[in-house]
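Working through the structure, step by step
The residues making up each chain are set out below.
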Amino acid sequence: MNQINFNRDKTIEKLAKLREMQVCDVPKDSLIKTQQQIDGIIESGKINTGVLDYVASKIKAGITTADIDDWVKDYTESHGAICAPYQYGGFPKHVCTSIDDVVCHGIPSKKAVLTEGMIINVDVSTIYKGYYSDASRMFIIGNTTDEKKRLVDVCKQCLNVGLSQVKPYGRLGDIGYAIESLAISKGYKVVRDYCGHGVGNAFHEDPMVMHYGKKNTGCLLVPGMVFTIEPMLNMKKSGVKVSAVDGWTAYTKDKLPSAQWEHTVLVTEDGYEILTY
Ligand code: MF3
Ligand code: CO
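Okay, so let's go over this structure. As the structure is a computational prediction, the values presented were derived from the model and not from experiment. Every chain's residues receive numbers from 1 upward, in the order its sequence appears when written. Here chains are named by letter from A upward and ligands by number from 1 upward, in the order in which they appear as written. Residue-level local features of this predicted model are given only where pLDDT is at least 70; pairs of side-chain atoms are given and counted only at 80 or more, and the full residue set underlies all totals for whole chains, interfaces and linings. Remark: hydrogens and water are excluded; side-chain values derive from all non-hydrogen atoms of the structure.

Quick word on the coordination of the cobalt ion (ligand 2)
Distances from the cobalt ion (ligand 2) to its protein donors, namely D134 (OD), H197 (NE2), E230 (OE) and E262 (OE), fall within the range 2.1 to 2.3 Å. Note that water is not among the atoms used; donors are N, O and S atoms within 2.8 Å of the metal (3.2 Å for Na, K and Ca), so sites may look incomplete. For the cobalt ion (ligand 2), the donor residues sit on a single chain with the sequence spacing D-x62-H-x32-E-x31-E. In this pair, D134 sits in strand 5 (residues 131–140) while E230 sits in the loop between strand 9 (226–229) and strand 10 (232–234), placing the two residues 96 residues apart along the sequence. Only protein chains enter the accessibility calculation, which uses a 1.4 Å probe; a residue is then buried when its area is under 20% of its type maximum, exposed when over 50%, and partly exposed in between. A relative accessible area of 3% places D134 in the buried class. The class of E230 is buried, set by a relative accessible area of 6%. Only DSSP runs of H or I with at least four residues qualify as helices, and only runs of E with at least two residues qualify as strands; both kinds are numbered from the N terminus onward.

What follows is the structure, given as structure tokens:
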């Protein structure tokens, strides 16, 4: 097993000193994972990746998002894990499936049939032996428009540029700054109503990971922290409206398509490691 966090005690001492200096926001000690916790999150992440690979192997035109829900539940449970979304804050299904103008938190349904040209985000979150992991991918059903292809591609680039900013003693604002700068340069808008989050010992922990921000601001990034980066990109307007019918499904206000990609990432002594590959 990779010994990523062997220096936790030293790190904690260092953080106490940095807190005294009061020059920036320093994460709580509890956000610096122990080696045991990291090992658990790595195992959880492997199952989470397996779920997404399984979905990738089966997703196609003609299936429903309820089918995806069944696949996610079956794969997860047959690997001794639990689907984190189920009954989380009352969420009724095991995975979020967000088609076209749904930004996030789409609820799987037998009525939602995938057809050629749709773009869909499948957002999978796994609990294994108490440890949480969280990742999502976009899938394009058959052939789609160049517009949608480009949105999906640039959104993935935004996740990657955000990841490239993750380094020990960097700052959270650098991640958001890099993501939003790229999005804007390509003519898109970052959704502001949702953010990434600390993850591992619980589904949603501190810090909140904004997908916009200023360089050299925000929480310090410290080896042993684990969080998600999960940018959502809209084509023209960043505005989002949550369905009054189900209380979950978030649509773009302008009804144009939206895309999202997500990974769970660990800050290491010399950079980062994606735990959901
Ligand atoms: N995977 C989503 C996230 O990134 C979870 C949404 S909460 C749910 O936080 F209840 F809808 F699953
Ligand atoms: Co998440």
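Here we look at the pattern of salt bridges
We define a salt bridge as a contact between a side-chain nitrogen of Lys or Arg and a carboxyl oxygen of Asp or Glu at a distance within 4 Å. Applying the stated criterion across every chain, the model contains nine salt bridges. E205 is the salt-bridge partner of K33, the closest N and O atoms lying 2.6 Å from each other. Note that K33 is positioned in the loop between helix 1 (8–21) and helix 2 (35–58) and E205 in strand 8 (residues 205–209), a separation of 172 residues in sequence. Exposure remark for K33: the relative accessible area of 0% places this residue in the buried category. The buried category is assigned to E205, whose relative accessible area is 13%. Of the charged contacts, one joins E43 and K46 as a salt bridge, the two residues approaching to 3.5 Å between their closest N and O atoms. Taken together, the residues E43 and K46, both in helix 2 and three residues apart, mark about one turn of the helix.

A closer look at the sheet that holds strand 11 (residues 240–242)
Any two strands are treated as partners once DSSP identifies two or more bridges connecting them. With respect to topology, three strands assemble into an open sheet ordered 3-12-11, the strand pairing being antiparallel. Each having just a single partner strand, strand 3 (102–104) and strand 11 make up the two edges of the open sheet. For this sheet, the mean inter-axis angle between neighbouring strands, taken without regard to orientation, is 40°. When strand 11 meets strand 12 (residues 250–252), the two strands line up antiparallel, connected through three bridges. Considered in strand 12, the bridge of V242 is made with A250. Here an angle of 0 to 180 degrees is reported between the N-to-C directions of two axes, which are lines fitted to C-alpha atoms, with helices fitted over the stretch in contact.

Regarding the site of ligand 1
Throughout this document, a residue counts as near a molecule or strand when at least one of its heavy atoms sits within 4 Å of that molecule or strand. Looking at ligand 1, there are 14 residues lining it, with P85, D123, D134, H204 and E230 nearest. Within 3.5 Å is the distance limit for a polar contact, defined as a pair of N or O atoms, with the added protein rule that one can donate a hydrogen and the other accept it, and that residues adjacent in sequence qualify only through two side-chain atoms. One nitrogen or oxygen atom from the side chain of S125 is found 3.2 Å from a nitrogen atom belonging to ligand 1. In the environment of ligand 1, an oxygen atom lies 3.4 Å from a nitrogen or oxygen atom belonging to the side chain of E262. Computed with the Shrake-Rupley method and a 1.4 Å probe, the accessible areas treat only the protein chains shown as cover for residues. Here ligand 1 has 330 Å² of accessible area as a free molecule, and 95% of this is covered by the chains. In the cavity and pocket records, a cavity denotes points on a 1 Å grid over the protein atoms alone where a 1.4 Å probe fits but cannot get out, a pocket denotes an open set with protein on both sides within 12 Å along at least 5 of 7 lines, and lining residues are residues with an atom within 4 Å of a point. Pocket or cavity membership: a molecule qualifies when more than half of its atoms sit within 2 Å of the grid points of that site. When atoms are counted within 2 Å of each cavity's grid points, the one that captures over half of ligand 1 is the largest pocket. Considering only residue class, the shell around ligand 1 consists of six nonpolar, four polar and four charged. Asp, Glu, Lys and Arg are counted as charged, while Ala, Val, Leu, Ile, Met, Phe, Trp, Tyr, Cys and Pro are counted as nonpolar; the rest, among them Gly, fall into the polar class.

This is a description of form; function is not addressed.
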